[in-house]
Amino acid sequence: MSLIPDDVIEQVREAADIVGIIGEHVELKRTGTDFRAPCPFHGGTHRNFAVIPKKGMYYCFVCHEGGDVFTFFMKRLGMDYPTAVREVARRVGIAIPERGPTGPDPREPLYGAVAAAADWFARQLRESPDAQVARDYLASRHLELAVVLPLGLGYAPRSKAFLDAMKGLGVRDEVLLEAGLLVKREDGTLLPRFRGRLLFPIHDLRARVVAFGGRILGEGEPKYLNSPDSPVFHKGKLLYNLHVAKHAMRKAERAILVEGYFDVLRLSLAEIEEVVAPLGTGLTPDQAQLLARHTPHVILLHDSDDAGLRATFRAGDELLRQGVRVSVATLPVGEDPDTLVQKRGAPGLEAILKDAVDPLERKIQILDRKAFFSSLPGRRRALDRLLPTIRAAKDPITRELYISRAAEAAGVRKDVLEREVVATGKTAPSTVPYRPLPPSTVLPASAEKALVLLMLEGEPWKSRVAEAVDAEELAFPPYRAVFEAVADDAVLALDDTSARAYEQLKEEGLGGRDPNEMYELAVNWMEARRLERQLQQLDDQLPFESPERQASLIAEKRRVFDELRKRYPRYKIAARRRGAPGT
C-alpha cells in the first residue's frame, strides 16, 4: 500500500469535524467546551466519554481509550491507519495522492511496540500500587491524576514487570531494543530503560507516540532521561507537544517555547495551547525549522537564571536564522512558567508575554545592567556578545535594525560595526572551523582546557568559571561544547565528538593541581586574549577614521597594549612558542 504524504494527513486531520464524525456513532451532548457521551468502547451508560474539539481528541475517563479522529476509526471499526485516513479524507472531500514505496511500513512494529508500552505505562500510573510515589509527586505539584491521564502520562516501575508485560503481548525483545525501550548490559541481560520514572509520551506530527521522557522519582541520575534516537524517533527533529500545539499556533500566530515537560503541561492545562519544548537539549536547527513552518512568531519563556538566559539566546539565534520573529519574555527571579501559572493563572502569564522584548534588546538590557557599556574594554566585550545575534538575523531589515541599535548602545559608528558583522570573524570563537576529533586525539593543553577541567569538578568551580568566562570566548569547538553542556546540565545532549572530549577530560581531572592557581592563570590568560582582540579591532578600525579620530584610537591602542604588556608579560611569548592563543 502506498504511503500517504504527511502534509496531506495533516490537511485531513485539520479539516475533519471530530464532533460530527464521532457523533455519528454516539449521542454527544455539549458540556462547556467539550462534548460528552456514553463510551462506545466499554459500553458504559454514564457520560464518561469526552470529545475535545479544541485538541482534536477523545478520551474515556473509565476505560481510558483515547486518540484522534483516525484512532477512533481504527479502534471502533477495525481499520488500519491508512484506511482510516482515507475514510476521513473521503468524508471531508480531500483527494489522497499516493507516493513512496509500496508494501507495509517496515517501522510499523516499532510504532506498535511504543504504543503498547505507552498504554502499559499509563495503566501503571492509574492502577499500580508501585506508582503511588508518582501519584504523590503529581499531587505535590498540584496536578490531579484525572487531569493528566488524558495527556498520556505514565509510570515505569523499578521492577522488571515491563519485560513480562511486553512478552505477554507478544512484543519481541529485539523490537523493544530497537525502539529504545530496553537496554542490554555487557553480560547480555536485558533491562527496561525507564525504571522508577514518571513518563511523558513524546509524539510525532501524526500524533503517534514514538518515545518517552522520564523524570526520576527519588534518588538517581540523570534527573530526566529521554528515549534514544531510533528509526521512529530523532530527538533533535521533534518538539514536545507540537502535535497538539501546531493547530493553536496557527490560530494564535505565535508559539511559546519553554524548557521542560511540566512547563508545557501547566500552560496547556491553563488553556494556553500553543506551547512546546525541546527534548532535553538546546533548540536545534531542525526544531527551529519546525517552528518556522507553523508560526511566524516565537516567544521564548525560559527561567531567568544564567542557564535559562544562555538557552534563551541560543534558541533565539537559531530561530532568527530561520527568519522567525523572536521575543523574549522575562519571568520574575525564582519563578518558572509552571510556578508562575500556578500562582497567577493564565492572565498573569499573558501580562508577562505582552511585555516580551526582542532578543537583542534583552541582551543590551542585561549588558547595560552589568555596566559593560561604561568602559571601552567593556564595550568591546559587549559587542562580542551582541554580534552572534546580529549575524543570526536572516531578515535583512531586522539585521539593519540590529546593527543600528548595537552601534547606538556601544557608542561605535554604524559603518564600522557593519564591517565587523560581515567580516570573516577571524578572531571570533564562533567562526573557528570545526574539525572532528579522532578517538585517539590528545586534547591540547590551554587556558580553555583548564577552565573546562575546573567546571567538571562541580560547584563552586562550575559557577565561578561560568561567571568569569562566556562559552563564546572558547575557540576550540570541543571545549566550547563541553563548557556549554556542563553549564546547562545537558551533557547527554553532546554529539559524539564532544562526548569523547568530555570523557577524556573527566578521566584526566585536575591531577593534583591546585584549582585556585589553575583558575587565576586561566582567567588571566582569557582576559589577555580579550585585550589582544581589542587591539586587533582598533587596528582594523584605524584606516577608516578621520585624522582626529585616528589620534584618539592610537592613544587607546597604546593604553591597551601597555595594559596587556604590564599585566600579562608572558602572554605573547607563550603564544608564539606554542603556536595558538591560550596555549
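Residues numbered from 1 in each chain as written. Predicted model: local features only at pLDDT ≥ 70, side-chain atom pairs only at ≥ 80, totals over all residues. Heavy atoms only, no water.

### Points about the overall build of the protein
For the record, the criterion: Secondary structure elements follow DSSP: runs of H or I no shorter than four residues count as helices, runs of E no shorter than two count as strands, and numbering proceeds from the N terminus. Atoms counted for the radius of gyration: C-alpha only. Globule rule: 2.2 Å times residue count to the power 0.38. To sort residues, take the accessible area from a 1.4 Å probe on protein chains only and compare it with the maximum for the residue type: under 20% means buried, over 50% means exposed, and anything in between is partly exposed. Only the protein chains shown count as cover for residues, and all accessible areas are computed by the Shrake-Rupley method using a 1.4 Å probe. For the purpose of charge, His is not counted, nor are the chain termini; Lys and Arg are scored as positive and Asp and Glu as negative. Here the site of a charge means atom NZ of a Lys, CZ of an Arg, CG of an Asp or CD of a Glu.
When its secondary structure is counted, the protein shows 25 helices and 15 strands. Compactness check: the protein gives a C-alpha radius of gyration of 27 Å against a globular reference of 25 Å for 583 residues, within 12% of the reference. Over its C-alpha atoms, taken along the principal directions, the protein stretches across nearly 90 × 55 × 50 Å. Considering the protein as a whole, with its 583 residues, one finds that 49% of them fall into the buried category. Looking at the protein as shown, the accessible area adds up to about 27600 Å², and 52% of this sits on carbon and sulfur atoms. Put simply, the protein has 85 plus and 84 minus side-chain charges, and the middle of one group is 2 Å from the middle of the other.

### Observations regarding the packing of helix α16 (residues 376-392) against helix α18 (residues 414-422)
Put simply, the test is: Only the stretch in contact is used when a helix axis is fitted, and all axes are lines through C-alpha atoms; the angle between N-to-C directions ranges over 0 to 180 degrees. These descriptions rest on fixed angle ranges, namely under 35 degrees for roughly parallel, over 145 for roughly antiparallel, 65 to 115 for roughly perpendicular, and the rest for oblique. The sense of a crossing depends on the near helix, which, turned anticlockwise from the far helix by less than a right angle, makes the crossing left-handed and, turned clockwise, makes it right-handed. We call two residues in contact whenever any of their non-hydrogen atoms come within 4.5 Å of each other.
In contact at an axis separation of 10 Å, α16 and α18 are set at 60 degrees when each is read in the N-to-C sense. With respect to α18, the element α16 is oriented oblique. The hand of the α16/α18 crossing is right-handed. Across from R380, L383, L387, I390 and R391 in α16, the residues of α18 making contact are L417, E420 and V421.

### Details of the packing of aromatic side chains
As a reminder, the rule being used: Within 6.5 Å between ring centres, the rings of Phe, Tyr and Trp (the latter by its six-membered ring) count as paired, and their orientation is classed by plane angle as stacked under 30 degrees, edge-to-face over 60, tilted in between. Here, a charge over a ring is recorded when the distance from Lys NZ or Arg CZ to the ring centre is within 6 Å and its angle to the ring normal is within 35 degrees.
Per the counting criterion, the structure on display carries 21 aromatic pairs. On the numbers, 5.6 Å between centres and 35 degrees between planes, the contact of F49 with Y58 is tilted. The residues F49 and Y58 share a single accessibility class, namely buried. A centroid spacing of 6.4 Å and a plane angle of 80 degrees characterise the contact between F72 and F73, whose relative ring orientation is edge-to-face. The same class applies to F72 as to F73, namely buried. Members of the aromatic cluster, each reached through a chain of ring pairs, are Y137, F200, Y224, Y240, Y261 and F262. Above the face of the F262 ring, R141 is positioned so that its terminal group lies 3.8 Å from the ring centre.

### A closer look at the sheet that holds strand β2 (residues 34-37)
Heads up, the condition is: Pairing between strands is defined by DSSP: at least two bridges between the two strands are required.
Taken in spatial order, the five strands of this open sheet run β1-β2-β3-β4-β5, and their pairing is antiparallel. Strands at the two margins of the open sheet, each flanked by one partner only, are β1 (29-31) and β5 (66-67). The pairing of strand β3 (residues 49-52) with strand β4 (residues 57-60) spans four bridges and is antiparallel. When the sheet's bridge partners are listed, V51 is paired in β4 with Y58.

### A closer look at helix α14 (residues 337-354)
To be explicit about the condition: Helix span is expected to be 1.5 Å times the residue number reduced by one. Take the seven residues that end at a residue and the seven that start at it, fit an axis to each, and the angle between those axes is the bend at that residue.
Spanning 18 residues, α14 covers only 15 Å between terminal C-alpha atoms, well under the ideal 26 Å at 1.5 Å per step. The largest bend in α14 amounts to roughly 115 degrees and is located at R344, with the proline P347 lying one to four residues further along. Within the span of α14, buried status applies to P337, D338, L340, V341, G348, L349, I352 and L353. Looking at the buried side of α14, the elements it contacts are β12 (255-257), α11 (261-269) and β14 (297-300).

### Considering the nonpolar core
Side chains of nonpolar character tend, in soluble globular proteins, to be buried together. As a reminder of what qualifies: Only buried Ala, Val, Leu, Ile, Met, Phe, Trp, Tyr and Cys residues count toward a nonpolar core, and they belong to the same one when joined by side-chain atoms within 4.5 Å.
Counting residues in each nonpolar core, the largest one holds 70 residues, and the members touching the most others are F162, L198, F212, L267 and L301. With ten residues, the top contributor of residues to this core is helix α5 (residues 108-127). For L198, the contacting residues outside a window of four places in its chain are L125, A134, Y137, L138, G154, Y155, G213, G214, R215, L217 and F262. One finds A288, L300, L386 and A392 within the second-largest nonpolar core, a separate group that totals 39 residues.

### Some words on the pairing of strand β15 (residues 325-328)
What counts is decided by this rule: A clockwise course of the path from the first strand over the helix to the second, judged with the strands pointing away from the viewer, identifies a crossover as right-handed.
As defined by bridge partners, β14 adjoins β15 across four bridges and the pair is classed as parallel. What sits directly across from L300, in β15, is V328. With helix α13 (residues 306-321) bridging β14 and its parallel neighbour β15, the resulting β-α-β unit is right-handed.

### Thoughts on the confidence of the model for the protein
Applicable threshold: You can read pLDDT as the predictor saying how much it trusts each residue, on a scale of 0 to 100.
For the protein, mean pLDDT is 85; residues scoring 70 or higher make up 91% of the total. Counting interchain partners and residues more than four positions distant, the pLDDT-below-50 stretch residues 424-437 has 26 contacts. Every residue in residues 573-583 is under pLDDT 50, and counting partners more than four places away or in other chains gives 14 contacts.

### Regarding the sheet that holds strand β10 (residues 209-216)
If you trace the four strands from one edge of the open sheet to the other, you get β6-β9-β10-β11, paired in antiparallel fashion. The sheet terminates laterally at β6 (154-156) and β11 (224-226), the two strands that pair on one side only. Shown here is a sheet whose adjacent strand axes are inclined to one another by a mean of 35 degrees, direction ignored.

### Describing the pattern of salt bridges
Basically, it comes down to this: By convention in these notes, a salt bridge is any Lys or Arg side-chain nitrogen within 4 Å of a carboxyl oxygen on Asp or Glu.
Counted according to the given criterion, the structure contains 28 salt bridges. Taking the shortest distance from any N to any O, the salt bridge between R321 and E318 comes out at 3.5 Å. Here R321 and its partner E318 are both found in helix α13, three residues apart, which amounts to about one turn of the helix. A residue is classified by how much of its surface remains accessible, and R321, at 41% relative accessible area, is partly exposed. E318 gets classed as buried once you look at its relative accessible area, which sits at 16%. Each of E10, R13, D68 and K246 takes part in salt bridges that share partners, so that together they form one network.

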